[in-house]
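The lines below spell out each chain.
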Amino acid sequence: MKKLLVFLLVASMLAAPALAAGYPEKGITLIVPWNAGGSSDLIGRLLVADMEQTMGVRISVVNTPGATGTIGMNDAFLAPHDGYTLIANATPYGHGVQGMADWAPYDWDFFAAYYVPGIIAVNKDSEYKTFDDLYQALKNNPDTVTGGTAGVGSTGYVNMEVLKSVDPAFGNYKSISYTGGAAAVTATLAGEVDFTPQLSNEMIDLLRSGDLVALAALTAEDLTLEGLDYTIPSIKTFLPEVESVLPLGDAFGLMFPSDVPQEAKDALEAAYLKATETDAAKAFANEKGVILQGLNLEESNALRDATTSRVTWILYDNGAAPVSPEQFNIPRP
Amino acid sequence: MVWEYISQAFAVVFTPLNFIALAASVLLGLVFGMLPGLTATMAVALLTGLTYSLSGPIAVMVLLGIYIGAISGGSQSAILLNIPGTPASAATAVDGFPLAREGKGGLAIFVANASSFLGTFLSIVYLILFTPLLTSAALKFNSHEMFLLSVFGIVICGNLTSGGRPIKGWIAGFAGLLVSQIGRETVGSFPRFTFGVMNLTGGISLLPVMIGLFGFPEIVQSFSAGLRALITTQKFSAKEGFTIMKRNWFNVLRSSILGATMGSIPGVGEDTGGWLSYWAQKRSAKNPELYGRGAIDGIVSAETGNNAAVGGAVIPVLSLAIPGSAPAAVLLAAFWMHGYRPGPLLMTETPEFLYYVVVFMLVSSILMWLLASNMSKLTVRVLRVDQRVLMPAIFIACVIGAFVVNNRIFDVKLMFFFGLIGVAMSYMKYPSAPFLLGVILGNMADENLRRALILHDGSIMPFFTRPISLFFIVFILALVLPQFASFRKLMAPVKNLFSRKKKG
Amino acid sequence: MSEENTKAVEKRAQEEVPEAAVTEIERDAYGFEVVDNTKTAHQDFLTAVILMVVSITVIIVSLGYWKKQNVTFYASAGFVPVLFSSGLLIMCIRLLRESLQSDSTKNMLARIKKGAIASVKSNIVHRSIIGLAIFGVYVFFMLGKMPFWLASFLALSAVLIFVRFDKTLKTVLKMLLIAALCVAGIVLLFQYAFNVPMP
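Everything quoted here is computed from the prediction, not taken from an experiment.

**Here's the deal with the overall build of chain A**
Item 1. A count of helices and strands for chain A gives 11 helices and 11 strands.
Item 2. For 333 residues, the compact-globule estimate of 2.2 N^0.38 gives 20 Å, and the C-alpha radius of gyration of chain A, at 22 Å, lies within 12% of that figure.
Item 3. In terms of overall dimensions, chain A has a C-alpha envelope of 90 × 45 × 35 Å along the principal axes.
Item 4. For chain A, the proportion of contacts with a sequence separation of at least 24, taken over those separated by at least 6, is 74%.
Item 5. For chain A, the accessible surface area stands at approximately 13100 Å², while carbon and sulfur atoms represent 55% of it.
Item 6. Positive and negative side-chain charges of chain A, numbering 19 and 40 respectively, have mean locations separated by a distance of 5 Å.

In structure tokens form, the structure reads like this:
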């Protein structure tokens, strides 16, 4: 009898801390390494607004832009890896190989909430009425077609580089860099560049109003967006061989360092998954022309690894990234 | 239909609880604007987070209120302390502070507030009338035009110095341009002048530079300030203020147009609006030497200009979903967050939004005027506080301000560094305003010039064949060439020809 | 502040910092100080030379970037810095020449030396340096390593105590109190009212 009592006593003493130390105990900080209003910012805020309710603590959002997201991510990496600092961003494949950071993509655990596909779009007055027109121009008149992207290392730029690795004609465009996706899209609208391979959400309203025309979507299937009265054909319709690298775009969601305690990870995953099932989350996808994926931790990490593998090696092989992915133990696809 | 929307908007504003919320946010904006280091962008961003759970119209109302308040509030610290509360008010400090030192601080603030109100009001009018026109004009401003616009800004640096020689203004301006080149550049993401320091790859933030540049000379001066006589602010009559405003009607009109235009061009914001208006006023003034030493008309132009940019910046937000300035960018994000659809679909999806915005801005600007005028009675007392105590305390506030921009202590160190530079510059009699302008314009000049050249394979012909570019080039030459004595000699016979013809 | 009080403070201030005694200032038609460029020419000389060195360094480094990037000059990262620093260089040369119009190079150097020595001796400069040094220590060594309110309180007290003319105990205590109130007020305002994170 005594032994039982002692056992119970000891057990409860051991259990007590576990019960008391329930994550989360204090407020959480979400760092958005971009300016307010961008995709990462909007998606991050949307998700944590619901997660706040589920977890019962305040999640404050801080914008720390700079160096294409590196500064904010570094801040999160330097903070204690206790699960109280999160990042809202897209798959972080580029920073290491571009020599901007020491950490590797797999140092971050990922929740891929939304997939934003790349779309090749032109101005409504453009001479290129179909994707074939544009492709022929690229193939036959190298260095005459101009494409606006958000700069070297941006998703739009990377998309073109990946396409180039399958079909060299895609390297024949003159790459014009802008300070962001929105600026690149505006330049296409203004007619300064011929096309833009940027993200769907950056051009969605212009597509809906007809000011921009989508020639092809960098998705595996044809893309139907709400409010658009035509279906955007997948680029594989025109060039079957590129199917192997589709889809091309960005997966946006939340991140935290991978060595955060398991308890915190589980709590975050549960709250996150719940946030992706809300009406607000679905409405966001429809409005913004993005795809709600809501992948769990395992699936997201798998996506992260697949994308990283493919994209970093292409960037390195093309000379667009100075640091070899080998240094980060990233295997070839 | 339209009338319905407008009356709905007014109904929202004049609901007692909402009205109080609006007044509070305008007040908050004024305070934010006044504190050096806290900017309009930050104010809107902070409130965006706080109003996330509020209903759409109320959130938008409150955000517009704080935006207008913040841009206007900066003038008070610019005038009283020579430290602009926000970059937009830097031009106000040039003439405002000398006026405050003479004891005319109250009058200066009164005029500044009235100008802010008029600037905002007129820009709302332009918003209603000219949105389609300004939108298509803004779209025509591509890389070539943006580059020339920045060159234009650099050129007017020389004329912004007070009494001193233009060449020192230009040197300061070019030094600022060089500083802006630090960090990863836009075209190829190549890191420049970073010397391995990770925190420099993002470039030098404007705010630490501004606070250091303008604030430190004042703070350092305060260390030996027992020597400065304590300033007593004279009382002024509102009538005097109104007379000044009436006299400046053309100034106000011109500044509002310039400010609104600058605001509507994406990438150019309230600060440029203020500077351009100030410069235009100085050029056309009868006694330009007075500017920089207390010309009250300078304040009118600067404050009208920077506030007019508010309405201007909202134009492309509404018509294209492209922000005209940094605070407008945060505003745009907030609009999206609340389900509004600014952009080409505005009138088809959420047409009432336009009218809401117009009404909210109108009421905010009136509230701003009322609140600011009453606040100034308190803030003017700041001048009576012993500078030796005030300035070091302001320094602590500046430290927070510099930190808050990017949430890192590195920016505080940056502020200190540029503060030392600011002290050196004031000691060596270099004006700091052009330096700041250089930092603002440098990146714009760099990325646009290179993009323009890359687009046309190095050819500079497009600069001369594009109509807006050509206009800029001619205008810039008209400003620069007369500075050279050799050119003046060349033109002398031409001038004589014209004057002789007149007499004949 | 009453008239005699003001006068007393000013008198004491002047005793402490004699060179601040007001000399006759020339004024122009508007009542503003006339700035005599020749008097400050040696400063212009000095700054012109320093900036020339800076601009030449920038040009060299930028050309290095061009080489590294291996693209056409106008597309390289170094292009615009070269433009800007060339412009700066040209203007500094002009400033240099203007300053030399009033005096020869040898005299310039002598004047610079004289000015430097005067600065080192000047009481005003001493105060400025010490004040800046206190804030420098605050920014570079104290922030981030101790709670913000503590660092600010210490730094502010140090500056306020130092800057006051009389170092009596009463004044010291008064300064400490002011410092405490200021820091408390500022932190409350920013952190709680505005919800802004502290360094």
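**What about the overall build of chain B?**
Item 1. For chain B, the count of helices and strands is 22 helices and 2 strands.
Item 2. Structurally, chain B occupies a C-alpha span of about 65 × 65 × 60 Å along its principal axes.
Item 3. Burial status across chain B gives 66% buried among its 504 residues.
Item 4. Considering only contacts in chain B between residues 6 or more positions apart, those separated by 24 or more positions represent 78%.
Item 5. Accessible surface computed for chain B: about 17500 Å², of which carbon and sulfur atoms make up 70%.
Item 6. Taking the 35 positively charged and 19 negatively charged side chains of chain B as two groups, their mean positions are separated by 12 Å.

**Considering the domain arrangement of chain A**
Residues and elements named next belong to chain A.
Item 1. Taken domain by domain, chain A holds domain 1 (24-115 + 249-328) and domain 2 (119-245).
Item 2. Taking only C-alpha atoms, the centre of domain 1 and the centre of domain 2 are 25 Å apart.
Item 3. Counting from both sides, the interface comprises 18 residues of domain 1 and, opposite them, 20 residues of domain 2.
Item 4. For the pair domain 1 and domain 2, the summed buried area comes to about 1500 Å², and 55% of that belongs to carbon and sulfur atoms.
Item 5. Inspection of the region where domain 1 meets domain 2 yields 5 residue pairs in polar contact (both at pLDDT 80 or more).
Item 6. With 4 residues, the top contributor of residues to the side of domain 1 that touches domain 2 is helix α11 (residues 297-317).
Item 7. Looking at the side of domain 1 that touches domain 2, its residues break down into 8 nonpolar, 6 polar and 4 charged.

**Considerations on the side chain of Thr307(A)**
Item 1. With respect to the helices and strands, Thr307(A) occurs in helix α11.
Item 2. Not counting the four nearest positions on each side in its chain, Thr307(A) is found in contact with Tyr93(A) and Thr312(A).

**Examining the domain arrangement of chain B**
All names here are of chain B.
Item 1. As far as domains go, chain B holds domain 1 (2-231 + 238-465) and domain 2 (466-504).
Item 2. Measuring from the centre of the C-alpha atoms in domain 1 to the corresponding centre in domain 2 gives 33 Å.
Item 3. At the junction of the two partners, domain 1 supplies 20 residues and domain 2 supplies 12 residues.
Item 4. For the pair domain 1 and domain 2, the summed buried area comes to about 1500 Å², and 72% of that belongs to carbon and sulfur atoms.
Item 5. Of all residues in domain 1, the largest losses of buried area upon contact with domain 2 belong to Glu145, Leu148 and Phe152, amounting jointly to 32% of the total for that side.
Item 6. Salt-bridge contacts for Glu145 lead to Arg466; the nearest nitrogen and oxygen are separated by 2.8 Å.
Item 7. Scanning the region where domain 1 abuts domain 2 turns up 3 residue pairs in polar contact (both at pLDDT 80 or more).
Item 8. Mapped onto the side of domain 1 that touches domain 2, the elements with two or more residues apiece are α7 (143-157), α8 (166-180), α12 (270-284) and α20 (461-465).
Item 9. If one sorts the elements of the side of domain 1 that touches domain 2 by residue count, α7 sits on top with 8 residues.
Item 10. For the side of domain 1 that touches domain 2, the per-class residue count stands at 13 nonpolar, 4 polar and 3 charged.

**Topic: the pairing of strand β9 (residues 212-217) of chain A**
Residues and elements named next belong to chain A.
Item 1. Counting buried positions over the 6 residues of β9 gives 5, a clear majority of the element.
Item 2. Note that strand β5 (residues 119-123) and β9 share 5 bridges and pair antiparallel. Each bridged residue has a counterpart across the sheet, and for Val122 the counterpart in β9 is Val213.

**Quick look at helix α7 (residues 181-190) of chain A**
Residue and element names in this part refer to chain A.
Item 1. Most of α7 is tucked away: 7 of the 10 residues are buried.
Item 2. What α7 keeps buried is the set Gly181, Ala184, Val185, Thr186, Ala187, Thr188 and Leu189.
Item 3. One or two steps after α7, the chain reaches Gly191, where phi turns positive at roughly 90°.

**Re the interface of chain C and chain B**
Item 1. Between chain C and chain B, the residue contacts involve 70 residues of the former and 67 residues of the latter.
Item 2. Both sides together, the interface formed by chain C and chain B hides about 6400 Å², and carbon and sulfur atoms give 79% of it.
Item 3. Between Asp44(C) and Lys168(B) there is a salt bridge, with the nearest N and O atoms lying 2.8 Å from each other.
Item 4. At 13 residues, the largest contribution of residues to the side of chain C that touches chain B is made by helix α3 (residues 79-100) of chain C.
Item 5. The class makeup of the residues in the side of chain C that touches chain B is 46 nonpolar, 15 polar and 9 charged.

**Focus: helix α13 (residues 296-320) of chain B**
Residue and element names in this part refer to chain B.
Item 1. With 25 residues, α13 should cover 36 Å at 1.5 Å per step; its first-to-last C-alpha distance of 37 Å lies within 8% of that length.
Item 2. With 25 of its 25 residues buried, α13 lies for the most part within the structure.
Item 3. Where α13 terminates, the next one or two residues include Ala321, which has phi positive at roughly 60°.

**Digging into the nonpolar core**
Item 1. With 216 residues, the main nonpolar core has Tyr67(B), Trp275(B), Phe395(B), Met415(B), Phe435(B) and Tyr138(C) as its most contacted residues.
Item 2. Ranked by residues supplied to this core, first place goes to helix α16 (residues 352-379) of chain B with 14 residues.

**A short note on the environment of Val162(A)**
All names here are of chain A.
Item 1. Within the secondary structure layout, Val162 lies in helix α6 (residues 155-166).
Item 2. Distance in space between the C-alpha atoms of Val162 and Leu246 is 9.4 Å, their sequence separation being 84 residues.
Item 3. Contacts of Val162, omitting those with residues within four sequence positions, involve Val245, Leu248, Val311 and Ile314.

**Some details on the sheet that holds strand β2 (residues 59-63) of chain A**
Residue and element names in this part refer to chain A.
Item 1. Spatially, the 6 strands line up as an open sheet ordered β2-β1-β3-β10-β4-β11, and their pairing is mixed. Edge strands, defined here as strands with exactly one partner in the open sheet, are β2 and β11 (291-292).
Item 2. Note that strand β1 (residues 28-32) and β2 share 5 bridges and pair parallel. Paired with Thr29 across the strands is Ser60, a residue of β2.
Item 3. Running over the sheet, helix α9 (residues 262-275) touches β3 (85-90), β4 (108-117) and β10 (249-257) and is turned about 20° from β4.

**Describing the state of the cysteines**
Item 1. Considering all chains together, one arrives at 0 disulfides over all chains under this definition.
Item 2. The cysteine Cys398(B) is free of any disulfide, with Cys182(C) supplying the nearest cysteine sulfur at 13 Å.

**Concerning the packing of helix α18 (residues 409-427) of chain B against helix α5 (residues 123-142) of chain C**
Packed helices, taken two at a time, are described by their axes: the angle between them and the distance between them.
Item 1. The interhelical angle for the contact between α18(B) and α5(C), taken along N-to-C directions, is 155°, at an axis separation of 9 Å. Taken as axis vectors, α18(B) and α5(C) run roughly antiparallel relative to one another. Note on packing geometry: the crossing formed by α18(B) with α5(C) is left-handed. Residues Val412(B), Lys413(B), Phe416(B) and Leu420(B) of α18(B) lie in contact with α5(C), whose contacting residues are Leu132(C), Phe135(C), Gly136(C), Val139(C) and Phe140(C).
Item 2. Its residues placed into classes, the contact of α18(B) with α5(C) shows 7 nonpolar, 1 polar and 1 charged.

**Focus: the packing of aromatic side chains**
For any pair of aromatic rings, the description rests on two quantities: the centre-to-centre distance and the angle between the ring planes.
All names here are of chain B.
Item 1. Per the counting criterion, the structure on display carries 42 aromatic pairs over all chains.
Item 2. Ring centres of Phe14 and Phe19 lie 5.7 Å apart, and the angle between their planes is 25°; on these two criteria the pair is classed as stacked.
Item 3. Taking the relative accessible area as the measure of exposure, Phe14 reaches 49% and is therefore partly exposed.
Item 4. Taking 5.4 Å as the distance between ring centres and 85° as the angle between the ring planes, the aromatic pair formed by Phe152 and Trp279 counts as edge-to-face. Note that Phe152 is positioned in helix α7 and Trp279 in helix α12, a separation of 127 residues in sequence. Side by side, Phe152 and Trp279 carry an identical accessibility label, which is buried.
Item 5. Joined through ring pairs, the aromatic side chains of Phe141, Phe152, Trp279, Phe471, Phe472 and Phe475 make up one cluster.

Reading the values: rules and limits
- Residues numbered from 1 in each chain as written.
- Chains lettered and ligands numbered in written order.
- Predicted model: local features only at pLDDT ≥ 70, side-chain atom pairs only at ≥ 80, totals over all residues.
- Heavy atoms only, no water.
- Helix = DSSP H or I, 4+ residues; strand = E, 2+ residues; numbered from the N terminus.
- Rg over C-alpha atoms; globule rule 2.2 N^0.38 Å.
- Contact = heavy atoms within 4.5 Å.
- Areas by Shrake-Rupley, 256 points an atom, 1.4 Å probe, with all protein chains shown as cover.
- Lys, Arg positive; Asp, Glu negative; His and termini not counted.
- Charge placed at Lys NZ, Arg CZ, Asp CG, Glu CD.
- Buried < 20%, exposed > 50% of the residue type's maximum accessible area, 1.4 Å probe, protein only.
- Domains from an automatic or database assignment.
- Buried area = accessible area lost by both parts, 1.4 Å probe.
- Polar contact = N/O pair within 3.5 Å; in protein donor to acceptor, adjacent residues only side chain to side chain.
- Nonpolar A, V, L, I, M, F, W, Y, C, P; charged D, E, K, R; others polar.
- Salt bridge = Lys/Arg side-chain N within 4 Å of Asp/Glu carboxyl O.
- Pairing = 2+ DSSP bridges.
- Expected span 1.5 Å × (residues − 1).
- Core = buried A, V, L, I, M, F, W, Y, C linked by side-chain atoms within 4.5 Å.
- Axes fitted to C-alpha atoms, helices over the stretch in contact; angles between N-to-C directions.
- Disulfide = S-S within 2.5 Å.
- Parallel < 35°, antiparallel > 145°, perpendicular 65-115°, else oblique.
- Left-handed = near helix turned anticlockwise from the far one by under 90°.
- Phe/Tyr/Trp six-rings, centres within 6.5 Å; stacked < 30°, edge-to-face > 60°.

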